[in-house]
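Given next are the chains, with one letter for each unit.
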Amino acid sequence: MSTEQKIIYTETDEAPRLATFSFLPIIKAFSDAAGVQVETRDISLAGRILASFPEWLSEDQRIADHLAELGELTQDEAANIIKLPNISASNPQMLAAIKELQGQGYELPEYPEEPQNDAEQDIKNRYDRVKGSAVNPVLREGNSDRRSTKAVKDYAKKHPHSMGDWTVNSKSHVAHMNAGDFYASEISTTMDQDDQLSIVLRTQEGSETLATGIGVSAGEIVDAAFMSKAALCAFYEEQIAKTEDGVLFSLHLKATMMKVSDPIIFGHAVKTYYREAFEKHASVFAELGVDANNGVGDAYDKIQSLPEDQQAEIKADLDECLVKGPDLAMVNSDYGITNLHVPSDIIVDASMPAAIRESGKMWGPDGGLHDMKAVIPDRCYATVYQEVINDCKAKGALDPTTIGSTSNIGLMAQKAEEYGSHDTTFEIPQDGQIEVMSASGEVLLVHSVQTGDIWRMCRVKDAAVQDWIKLGVERGRLTGSAVIFWLDENRAHDAQLITKLHRYLPEHDTSGLDISTLKPADATKRSLELMRQGLDTISVSGNVLRDYLTDLFPILELGTSAKMLSIVPLINGGGLFETGAGGSAPKHVQQFEAEGHLRWDSLGEFLALGASLEHLGRVFDNDAAKLLGETLDEAIAEFLDSNRSPSRRVNEIDNRGSHFYLAKFWAEAVARQDKDPSLKQRFAALAERLSASEAQINEELLTAQGEPVDVGGYYAPNPELAAMAMRPSKTLNDAIDSV
Ligand code: NAP
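Every value quoted in this text rests on a predicted model; they were computed, and no experiment measured them. (Residues numbered from 1 in each chain as written. Predicted model: local features only at pLDDT ≥ 70, side-chain atom pairs only at ≥ 80, totals over all residues. Heavy atoms only, no water.)

A. Seen up close, the sheet that holds strand β21 (residues 515-518). Read across the open sheet, the 10 strands follow the order β2-β1-β3-β24-β23-β4-β15-β22-β20-β21; overall the sheet is mixed. In this open sheet, the two edge strands, each paired with only one partner strand, are β2 (37-42) and β21. For this sheet, the mean inter-axis angle between neighbouring strands, taken without regard to orientation, is 20°. Sheet analysis places strand β1 (residues 6-11) next to strand β3 (residues 80-83), joined by 2 bridges and oriented parallel. From the neighbouring strand, Ile-8 faces β3, where its bridge partner is Ile-81. (Pairing = 2+ DSSP bridges. Helix = DSSP H or I, 4+ residues; strand = E, 2+ residues; numbered from the N terminus. Axes fitted to C-alpha atoms, helices over the stretch in contact; angles between N-to-C directions.)

B. Expanded view of the pairing of strand β14 (residues 369-375). Judged by how many residues are buried, β14 sits mostly within the fold: 5 of 7 residues are covered. With 3 bridges joining them, strand β5 (residues 173-175) and β14 adopt parallel strand pairing. Bridged to His-173 within β14 is Lys-373. Of the pairings in the sheet, the one linking strand β10 (residues 248-251) to β14 comprises 4 bridges and is parallel in character. If you follow Leu-248 over to β14, its bridge partner there is Met-372. The sheet contact formed by strand β13 (residues 361-363) and β14 spans 3 bridges and is antiparallel. Residue pairing for β14: Trp-363 is matched across the bridge by Leu-369. Between β13 and β14, which pair antiparallel and follow one another directly, the connecting turn spans 5 residues, one of which, Gly-367, has a positive phi of 80°. (Buried < 20%, exposed > 50% of the residue type's maximum accessible area, 1.4 Å probe, protein only.)

C. How the structure looks around the packing of helix α17 (residues 462-479) against helix α18 (residues 492-504). Direction vectors running N to C along α17 and α18 enclose 60°, while the axes themselves pass 10 Å from each other. Comparing their axes, α18 and α17 come out oblique. Every pair of crossing elements has a handedness; the one defined by α17 and α18 is right-handed. In this structure, α17 uses Asp-462, Val-465, Gln-466, Trp-468 and Ile-469 to contact α18, whose residues at the interface are Leu-497, Lys-500, Leu-501 and Tyr-504. (Parallel < 35°, antiparallel > 145°, perpendicular 65-115°, else oblique. Left-handed = near helix turned anticlockwise from the far one by under 90°. Contact = heavy atoms within 4.5 Å.)

D. Representation of helix α2 (residues 45-52) in the model. Of all 8 residues making up α2, 8 are buried, and the element is well covered by its neighbours. Buried within α2 are the following residues: Leu-45, Ala-46, Gly-47, Arg-48, Ile-49, Leu-50, Ala-51 and Ser-52. Against the buried residues of α2 lie β2, α3 (66-73), α4 (91-103) and α5 (118-130).

E. Focus on the environment of Ala-234. Within the element layout of this structure, Ala-234 appears in helix α9 (residues 229-242). A relative accessible area of 45% means that Ala-234 is categorised as partly exposed.

F. Region of interest: unusual backbone geometry. In this structure, Lys-415 is a non-glycine residue whose phi angle is positive, near 55°. Mapped onto the fold, Lys-415 is located in the loop between β15 (406-410) and β16 (425-427).

G. Spotlight on the pairing of strand β8 (residues 206-216). Bridge analysis of strand β7 (residues 195-203) against β8 gives 8 bridges, and the strand direction is antiparallel. Of the residues in β8, the one forming a bridge with Asp-195 is Val-216. Following β7, the chain reverses through 2 residues before pairing antiparallel with β8.

H. Region of interest: the nonpolar core. Counting 60 residues, the largest nonpolar core has Phe-30, Leu-609 and Trp-666 as the members making the most contacts within it. If sequence neighbours within four positions are ignored, Phe-30 has contacts with Leu-628, Ala-663, Trp-666, Ala-667, Val-670, Phe-683 and Leu-686. Of all hydrophobic cores here, the second largest spans 39 residues; its members include Ile-346, Met-362, Ile-376 and Ala-382. (Core = buried A, V, L, I, M, F, W, Y, C linked by side-chain atoms within 4.5 Å.)

I. Up close: the pattern of salt bridges. Under the defined criterion, the tally for this structure stands at 50 salt bridges. Here Glu-276 makes a salt bridge to Lys-324, at a shortest N to O gap of 3.0 Å. In this pair, Glu-276 sits in helix α11 (residues 275-280) while Lys-324 sits in helix α14 (residues 308-324), placing the two residues 48 residues apart along the sequence. Assessed through its relative accessible area of 49%, Glu-276 is described here as partly exposed. On the basis of relative accessible area, Lys-324 is assigned to the exposed category, the value being 56%. Its salt-bridge partner being Glu-418, residue Arg-491 comes within 3.6 Å of it at the nearest N-O pair. With a gap of 73 residues between them, Arg-491 in the loop between β20 (482-486) and α18 and Glu-418 in the loop between β15 and β16 connect regions that are remote in the sequence. (Salt bridge = Lys/Arg side-chain N within 4 Å of Asp/Glu carboxyl O.)

J. View of the sheet that holds strand β19 (residues 454-460). Ordered in space as β6-β9-β19-β16, the 4 strands form an open sheet in which the pairing is antiparallel. If you trace the sheet from one side to the other, it starts and ends with β6 (187-190) and β16, each paired once. Strand-to-strand, the axes of this sheet are offset by a mean angle of 10°, without reference to chain direction. In terms of strand pairing, β6 meets strand β9 (residues 221-227) through 4 bridges, oriented antiparallel. Note on β9: the bridge partner recorded for Ile-187 is Ala-224. Running at roughly 30° to β6, α18 makes contact with β6, β9 and β19 of the sheet.

This is the structure we're talking about:
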């Protein structure tokens, strides 16, 4: 274990990157007093690109691969990393970042869309490694612990967000398949030894190895499941036909994270809904390369290269499908953007809770709210949302001023379950039999599949499962709340997990704890019952439900998941502290550049810092760090209570003002305590100084707003310009720098 008492604060992208220029000096002023060093590592998109091409850069331009370094650090017991949200780059973002860096004098190669030789292929591979969800899988070497802190929950109870009313007459419901889905076909086994697996497709024409050399370890659970294309399309046909008048057809998937399977599932919905137009224009669409998996928007984009009369004919045929079919839920009714336009517009974990907050309604083509048929094809998790709808219909909307809290312990470590399955997901090219084979040639799992079926293999390691069970019990012990393992004995994968649960649970002291295992629909029902009684529950779930539930319950309780505490207790003992569950808020940067107001709320950073200090204090037995953690909690409560979060409007408090108030309340809280006289004295001086100059600091911070701001780059801001823009109050800077 490293003996250095150190917190690594990550430099990322967009709004949280800008916020760091203002908040980091404050963090350092406090942590220094406890002998804790705060170092930064650059894991921004720009930083990761530069680290990938050292030989293209001059020596002073090169930066080390900080992400790889942090990946290694996660194995150290002393690791303490605060991870801010970063860009998961799409192709356009990648290209824009390369262009910006080139403009700043970094002579990076162009991104070769279609590599012509080995050298170009190598360049493309390096860029592609930086693309998509490239950071979290490296750092998340642990399971996940997400919850709202007492201060945040109290704040939400006192200042409740709006919740739409529910009536028993609501027609909103969830539609899922009853056969032919992943749920129906899942098979699972637990490895009894380390092995190297292969995936082989056997067809009449021979055998094709789809993947090989997949290392697995003893005790690892390995599953296979597939979604039948025929069953999926029949399901869509049926649901489209059955959608009642006045109810919106609305598809909810997770095409961003499930980047292989879900775009295909989305594409079948597009082709089914727009069948007549897609069949009539099949050859033109093929020539243009229209890909339904990118949404019907891809057809609208690509027909623009056609003569106007041909475009008009195709548009009319697409429109005809909208007239004949049920009304679609809209992403933007002003621009005619439907739920089937772009696969990443409607993401189930955020879209379903948002609809539930709106009385189960979504926006329709007429610009009004309507009941919805929420189409979530696979049954594994769809039932959760139907249960929430049932509950709201029967008992009315949940009341944020009284409901209890549902926190989550999620099985996430080491690319667990579906979220780690991208490399082992395939669209079946030909009818046949697909086999998962051991190195010795034993067939472990086998399915008969048909052309177009979506087949995948998922895994979860035994050590990850053991740690997850331990964390669930620990949270139960610490809180006394009911612990519910969200597992369905009728699912092959869950049945294996239940066997492990029975094996490992007795290793823990569970006396007096309320621990149960319920399938997702029943777990939802029980959690809601307890919440309505004002009681808290701990959901202990798999990786996908972790993601879904840590949006669903926080959105119902707090109005947003961005206010959650999100900790990854690393399996080797260290701590990864994620700052909330939100992203990097690109819209906020646009506003900052246009009018000098940054509405980013750093509450997630505050909470993560508190947890990080508390962890460091415990690991190194550093009482001063513990004290700083405790006093930061008090400061956060006061910060929320006195409503010092950034406003959305220019010329009102923004991110920088919110940092000032946090520093003030934190200094006051340290000055109030008597456990550590030296800290007390040090921060009493700061508290006095900040209090005396409150009006002056506010004036300096507000004067900096109202004008466009140039920080010298979007993906790679110039550090001096950004620091100047984000620290415009000399009075505040002097006070902080004096500590
Ligand atoms: P997002 O950044 O979460 O933003 C969605 C909206 O949520 C924002 O526009 C903002 O609403 C609100 N929001 C989120 N966090 C907030 C905060 N701290 N303070 C105030 N408002 C906040 O989602 P996105 O636009 O889907 O994703 C943007 C980028 O973040 C993408 O590149 C994505 O890949 C990445 N991402 C990263 C992580 C991660 O690293 N953990 C997680 C999710 C997404 P208003 O505009 O109404 O103010």
